Amino acid sequence: MKLVFAGTPEFAREAMAALHAAGHEIVLVLTQPDRPAGRGMKLQASPVKQWAVAHGVAVQQPRSLRLDGKYPEEAAAAREALLAAHAECMVVAAYGLILPQWTLDLPPRGCLNIHASLLPRWRGAAPIHRAIEAGDAETGITIMQMDAGLDTGDMLLVRKMSVAPDATTATLHDQLAALGGECIVQALAAPDALTRTPQPEAGVNYAHKIEKAEAALDWTLAAEVLARRIRAFDPFPGMTVPLTHNGVTETLKLWAATAETLAVPTEPGTVVQADASGVRVACGQGQLCLTQLQRPGGKRLNAADFLRGCPLQAGQSLKGA
């Protein structure tokens, strides 16, 4: 099938590579404009653009697809490219732009979206993060016929998978990216056999975009909640706490932790015990055993290695001023 592919991050690149490997012809790619990244903040192409360039596929990077919007010339150029592509279907995965109605109506088979949740749960921008944060036992991929709403279109194919107790957004992302590729290949292998199922009204919720402000850890919350949030925010933005060491306060990132019971009620944010097995800190309910930590400019370290360079003592506070 001749396809247009719209996507930006690694999750989308995996699906595009799977479609290519299955024999589909990707004739045009839409992806976000190059963004500054890395220490030098140099412009960097998205994973999807990098794949497209390596395979000689034409790329369009409009900042908007609204013909009456802020960037009408870019939208018009993208529209001309889409018309010239004569694609049968557009596949969309984590693109990052809203598709206006003219885009949805253009391909004969419309636009199919690869969404990393079991819709209608976790519509929106961050379904993987929010599933882990909420403690969901299962998630999956939904292939959806796109409409003008936010992840509201009819479901065409659904595949479920369990969420491991120690899953992070990084590990679950990789599993779902692979599953997403399998699902879209399966869907396009026999598109006429797909049944459109409207999403149920019950169970709708939204996976709001992850904000950097969410990184600050609140010790008054339950340890179980914080352990899930630490896993959900790995690799971005990472949970942070203030640490005063040798008279200097720095921001410590926490990457792995488990929830435990707390024998003696202790002020939340207070170090209960620190040894090679972990740094145990009192929470609003229970205690958090921190097993992977990172100082500014340093690497992620297990508790034993971290404590060798930055000893912590029982009674020390990780709440800051």
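Attention in this report is confined to the structure presented alongside it. Keep in mind it's a predicted model, so treat the numbers as computed, not measured.

Some words on the overall build of the chain
- Secondary structure summary: the chain contains 8 helices and 17 strands in total.
- Buried residues in the chain amount to 47% of all 321 residues.
- Considering only contacts in the chain between residues 6 or more positions apart, those separated by 24 or more positions represent 64%.
- On the chain, roughly 15,200 Å² of surface is accessible, and the fraction owed to carbon and sulfur atoms is 53%.
- Distance between charge centres in the chain, computed from 29 positive and 31 negative side chains, equals 5 Å.

Some points on the sheet that holds strand β9 (residues 138–145)
- In spatial order, the strands read β5-β2-β1-β6-β7-β9-β10; together these 7 strands make up an open sheet with mixed pairing. The two strands at the open ends of the sheet, each matched to only one other strand, are β5 (58–60) and β10 (154–162). Between one strand axis and the next, the sheet turns through 20° on average, direction left out of account.
- Both strand β1 (residues 2–7) and strand β6 (residues 89–93) contribute to a ladder of 5 bridges, which runs parallel. Across the sheet, the residue bridging to Gly7 is Ala93, located in β6.
- The sheet strands contacting helix α3 (residues 72–85) are β1, β2 (25–30), β5 and β6, and the helix crosses β2 at an angle near 175°.

A closer look at helix α6 (residues 169–189)
- With 21 residues, α6 extends 29 Å between its outermost C-alpha atoms, agreeing within 8% with the 30 Å of an ideal straight helix rising 1.5 Å per residue.
- Among all positions of α6, only Thr169, Leu172, His173, Leu176, Ala177, Leu179, Gly180, Gly181, Cys183, Ile184, Ala187 and Leu188 are buried.

Re the environment of Glu224
- With respect to the helices and strands, the residue Glu224 is situated in helix α7 (residues 223–232).
- With a relative accessible area of 43%, Glu224 lands in the partly exposed category.
- Put simply, Glu224 and Leu288 are 64 residues apart on the chain and 7.9 Å apart in space, counted from C-alpha to C-alpha.

Thresholds, definitions, all that
Residues numbered from 1 in each chain as written. Predicted model: local features only at pLDDT ≥ 70, side-chain atom pairs only at ≥ 80, totals over all residues. Heavy atoms only, no water. Helix = DSSP H or I, 4+ residues; strand = E, 2+ residues; numbered from the N terminus. Buried < 20%, exposed > 50% of the residue type's maximum accessible area, 1.4 Å probe, protein only. Contact = heavy atoms within 4.5 Å. Areas by Shrake-Rupley, 256 points an atom, 1.4 Å probe, with all protein chains shown as cover. Lys, Arg positive; Asp, Glu negative; His and termini not counted. Charge placed at Lys NZ, Arg CZ, Asp CG, Glu CD. Pairing = 2+ DSSP bridges. Axes fitted to C-alpha atoms, helices over the stretch in contact; angles between N-to-C directions. Expected span 1.5 Å × (residues − 1).

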